[in-house]
Amino acid sequence: MTLPVQQGNSDATRIAMEQHSQRLVTAFIVSGMLFMLLPGTFLGVWNLIGISQQRTLNSLSPAWLQAHGQAQIFGWIGSFILGIGFYSLTKMQSTLRFPVRAGWTSWALWTLGIALRWIGGVTGWQWKILLPLSGLLELVAFLFFFHSVRRHRPEQPAQRAETWMVVVMAATTAFLVALIVNVIALAHLALYGTSPALPHVLDQQLVVLFVWGILVPTIWGFNARWLPVFAGFRKPNGNRLLLAYGCSLAGIAAVFAQWLPIAAVAFLFASLLAVDALHVWEPAVQPAKLLHVHASFPIFIRITYIWLVVSCVLTGAAVLYDRAGGIWGASRHALTVGFVAGMVFVIGQRILPAFCGMRVLWSTRLMLWSLLLLHVGCALRVALEPLAYEGYWNFAWKLLPFSAFVELTAVILFALNIAGTLLRPPAHLR
Ligand code: HEM
């Protein structure tokens, strides 16, 4: 329900809209963190312990593996994207009110859809109904969001949309496409499948679509918008960022055509172009804004891009040498944990306190430790997984669970810091 604001935007209306959007973004962040912790990370750790005990990836139920991936990609990061997306509607110069009803309907359907997907995948209970239903709920939830965003476009759009907006809008469209493909795949599985797991090749193609089609460009788009302000980086080179985005689309297409060597090259080019376009490894041109965050903020931004490039190099190595899934796994982990989770940890602790009610981050020291442990755990996992899975060094099997516990600790610290922040009163009320 979006009503036109009468007689201009009164202060009271604006404050009410801001409060509605703050409550909604908080709901998305809280449910996203719950998915991150329990269905996502705990299941991931459990899976890794199982694989390490049996010393083979094949010992793991594919349905559990996919449930973990879904909970992390859609349950955690997807919820964060939707919450921040709804919140940013209040910042658009539109004459429409904040879409309160659409926002809460979207949150309820999205959260229910993700929960059903996880329950159906992990327990196998009524999965032929739960899986397609979950896909449908996620799609309808997203359509509420998509419709709200389209309605809130400024009435007189600027001459030419800025590059960051183009990239974020493209990623949003890819999100819609991915959810349509997802629901079709789940319906097909329910009709013809024998277990709640998608066939391996299709599942891997979908993971690439979700990660490279949605998560990576959304991060690039928001990095282009925020890093010059938060980290003092040089303004991004728009054309180069669009070229990076084009290369990543080519990579996704190549994965679906099963031209993996071409995909590996395209993703590597995409990531190097993005590093160059966003100037992340160049000296900053102005001081970073470090109030209420840890002073290491710009360093951790730069580290995430190392993971992006490492992941692409490992994809190339996997195409050439992988036999048991270890190099593919390391490449995916470098991307999802090193780059995506690393970025959400560092940017999230910068922006979420303000978005969720003008708060101040609870602890900058917890921020540092969550980031340090995440990257140490990720480095251990990425180094050990090829050694163990590919049979190069048997002792690596014993060390692998340790990497999962380090990452689990990092995730708990991140969640604690955000929860502690949300439980404190807003800065202006203290
Ligand atoms: C933080 C601790 C995490 C642990 C311990 C963990 C563990 C695992 C394990 C054991 C696998 C099975 C394949 C393999 O052995 O490589 C896996 C797959 C996967 N993980 Fe994670 N993971 C974690 C975090 C994440 C995060 C943050 C994301 C995404 C944002 C993610 C996304 C995925 C995806 C997409 C797959 C593949 C699922 C599929 O093939 O359908 N993981 N993870």
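Because the structure is predicted, anything quoted here is derived from the model rather than measured.

> Tell me about the overall build of the protein chain, and name the residues and values.
For the protein chain, the helix and strand inventory stands at 12 helices and 0 strands. Starting at the N terminus, the α and β elements of the protein chain follow one another as α-α-α-α-α-α-α-α-α-α-α-α. For a compact globule of 430 residues, the expected C-alpha radius of gyration is about 22 Å, and the protein chain comes in at 21 Å, within 12% of that figure. Principal-axis analysis of the C-alpha atoms places the extent of the protein chain at approximately 70 × 50 × 45 Å. By residue count, 57% of the 430 residues in the protein chain fall in the buried class.

> Describe the environment of Phe402, naming the residues involved and giving the relevant values.
Residue placement: Phe402 occurs in helix H12 (residues 396-423). Sequence separation between Phe402 and Ala171 is 231 residues, and the spatial gap between their C-alpha atoms is 35 Å.

> Describe the site of the ligand, naming the residues involved and giving the relevant values.
Taken together, 27 residues are adjacent to the ligand, and His68, Asp203, Gln204, Glu385 and Tyr389 come closest. Within the side chain of Asp203, one N or O atom sits 2.7 Å away from an oxygen atom of the ligand. In this structure, an oxygen atom belonging to the ligand sits 2.7 Å away from a side-chain N or O atom of Glu385. The set of elements that each furnish at least two residues to the shell around the ligand consists of helix H1 (11-54), helix H2 (62-89), helix H6 (200-230), helix H10 (326-355), helix H11 (364-389) and H12. Tallied by class, residues from the shell around the ligand come to 11 nonpolar, 11 polar and 5 charged. Per-domain counts for the shell around the ligand show at least three residues from each of domain 1 (27-214) and domain 2 (231-236 + 279-430).

> Talk me through the coordination of the iron atom of the ligand; I want residue IDs and the actual numbers.
When only protein atoms are considered, the iron atom of the ligand has one donor, His68 (NE2), at a distance of 2.0 Å. You can see His68 is positioned in helix H2.

> Account for the domain arrangement of the protein chain, with residues named and values stated.
If you check the domain split of the protein chain, you get domain 1 (27-214) and domain 2 (231-236 + 279-430). Each partner contributes residues to the interface: domain 1 has 23 residues there, and domain 2 has 35 residues. Area buried by domain 1 at its contact with domain 2 is led by Leu48, Arg55 and Tyr87, which between them contribute 24% of it. Linking domain 1 with domain 2 are 0 salt bridges. The tally of links between domain 1 and domain 2 comes to 0 residue pairs in polar contact (both at pLDDT 80 or more). Going through the elements one at a time, H1, H2 and H6 are the ones with two or more residues in the side of domain 1 that touches domain 2. Top contributing element to the side of domain 1 that touches domain 2 by residue count: H1, with 12 residues. Looking at the side of domain 1 that touches domain 2 residue by residue, the classes come out as 19 nonpolar, 3 polar and 1 charged.

> Describe in detail the packing of H2 against helix H3 (residues 100-123), supporting the description with residues and values.
For the pair H2 and H3, interaxial distance at closest approach is 9 Å and the crossing angle is 170°. Taken together, the axes of H2 and H3 lie roughly antiparallel to each other. On the side of H2, the interface is formed by Ala63, Trp64, Gln66, Ala67, Gln70, Ala71, Phe74, Gly75, Gly78, Ser79, Leu82 and Phe86, while H3 contributes Ala102, Gly103, Ser106, Trp110, Ile114, Arg117, Trp118, Gly121 and Val122. Counted by class, the contact of H2 with H3 contains 12 nonpolar, 8 polar and 1 charged residues.

> How would you summarise the packing of aromatic side chains if you had to cite specific residues and measurements?
Within a pair of aromatic rings, the relevant descriptors are the distance that separates the centres and the angle that separates the planes. One pass over the structure, following the stated rule, counts 24 aromatic pairs. Each residue in the set Phe28, Phe74, Phe86, Trp110, Phe142, Phe145, Phe146, Phe175 and Phe210 is aromatic and connected to the rest through ring pairs, giving one cluster. The side chain of Arg350 reaches across the aromatic face of Phe230, ending 4.1 Å from its centre.

> Let's hear about empty space enclosed by the protein: which residues, and what values?
Enumeration according to the criterion identifies 1 cavity of 30 Å³ or more in this entry. What the largest cavity holds in volume is close to 280 Å³. Contributing to the lining of the largest cavity are 17 residues, with Ile84, Ile219, Phe222, Val344 and Ile347 lying nearest its centre. Listed by contribution, the elements that provide at least two residues to the lining of the largest cavity are H2, H6 and H10.

> Which residues make up the environment of Ala324, and what values do they have?
Note on placement: Ala324 falls in the loop between helix H9 (297-321) and H10. Along the chain, Ala324 and Thr336 lie 12 residues apart, while their C-alpha atoms are 20 Å from each other. Setting aside chain neighbours within four positions, we find Ala324 in contact with Leu57, Tyr389 and Glu390.

> Let's hear about H3: which residues, and what values?
Because an α-helix packs 3.6 residues into every turn, residues spaced three or four apart end up facing the same way. Helix length check: H3, at 24 residues, gives a terminal C-alpha distance of 34 Å against a target of 34 Å (1.5 Å per residue), a fit within 8%. Listing the buried residues of H3 in full gives Ala102, Gly103, Ser106, Trp110, Thr111, Gly113, Ile114, Leu116, Arg117, Gly120, Gly121 and Val122. On the buried face of H3, the contacting elements are H1, H2, helix H4 (127-151) and helix H5 (163-192). Immediately beyond the C-terminal end of H3, within one or two residues, lies Gly124, with a positive phi of roughly 75°.

> Give a detailed account of the environment of Ala341, specifying residues and quantitative values.
Along the chain, Ala341 falls in helix H10. The class for Ala341 is buried, based on a relative accessible area of 5%. Distance from Ala341 to His375, taken between C-alpha atoms, is 9.6 Å for residues 34 residues apart in sequence. When residues no more than four places from it in sequence are discounted, the contact partners of Ala341 are Trp76, Thr336 and Leu374.

> Give a detailed account of the nonpolar core, specifying residues and quantitative values.
Among the nonpolar cores identified, the biggest contains 118 residues, and Trp212, Trp220, Tyr305 and Phe339 are the most heavily contacted of them. Ranked by residues supplied to this core, first place goes to H6 with 17 residues. Summarising the domain contributions, this core has at least three residues from each of domain 1 (27-214) and domain 2 (231-236 + 279-430). Those residues in contact with Trp212 that lie beyond four places of it in its chain are Pro217, Trp220, Ser248, Ile252, Phe267, Ala270, Leu308, Cys312 and Leu335. Ranked by size, the runner-up nonpolar core spans 12 residues in total, among them Ile51, Ala396, Leu400 and Ala404.

Definitions and limits used
- Residues numbered from 1 in each chain as written.
- Predicted model: local features only at pLDDT ≥ 70, side-chain atom pairs only at ≥ 80, totals over all residues.
- Heavy atoms only, no water.
- Helix = DSSP H or I, 4+ residues; strand = E, 2+ residues; numbered from the N terminus.
- Rg over C-alpha atoms; globule rule 2.2 N^0.38 Å.
- Buried < 20%, exposed > 50% of the residue type's maximum accessible area, 1.4 Å probe, protein only.
- Near = heavy atom within 4 Å.
- Polar contact = N/O pair within 3.5 Å; in protein donor to acceptor, adjacent residues only side chain to side chain.
- Nonpolar A, V, L, I, M, F, W, Y, C, P; charged D, E, K, R; others polar.
- Domains from an automatic or database assignment.
- Donors = N, O, S within 2.8 Å, 3.2 Å for Na, K, Ca; no water.
- Contact = heavy atoms within 4.5 Å.
- Buried area = accessible area lost by both parts, 1.4 Å probe.
- Salt bridge = Lys/Arg side-chain N within 4 Å of Asp/Glu carboxyl O.
- Axes fitted to C-alpha atoms, helices over the stretch in contact; angles between N-to-C directions.
- Parallel < 35°, antiparallel > 145°, perpendicular 65-115°, else oblique.
- Phe/Tyr/Trp six-rings, centres within 6.5 Å; stacked < 30°, edge-to-face > 60°.
- Lys NZ or Arg CZ within 6 Å of the ring centre and 35° of its normal.
- 1 Å grid on protein atoms, 1.4 Å probe; cavity = no way out; pocket = protein on both sides within 12 Å on 5 of 7 lines; lining within 4 Å.
- Points joined across faces, edges and corners; volume = space filled by probe spheres on them.
- Expected span 1.5 Å × (residues − 1).
- Core = buried A, V, L, I, M, F, W, Y, C linked by side-chain atoms within 4.5 Å.

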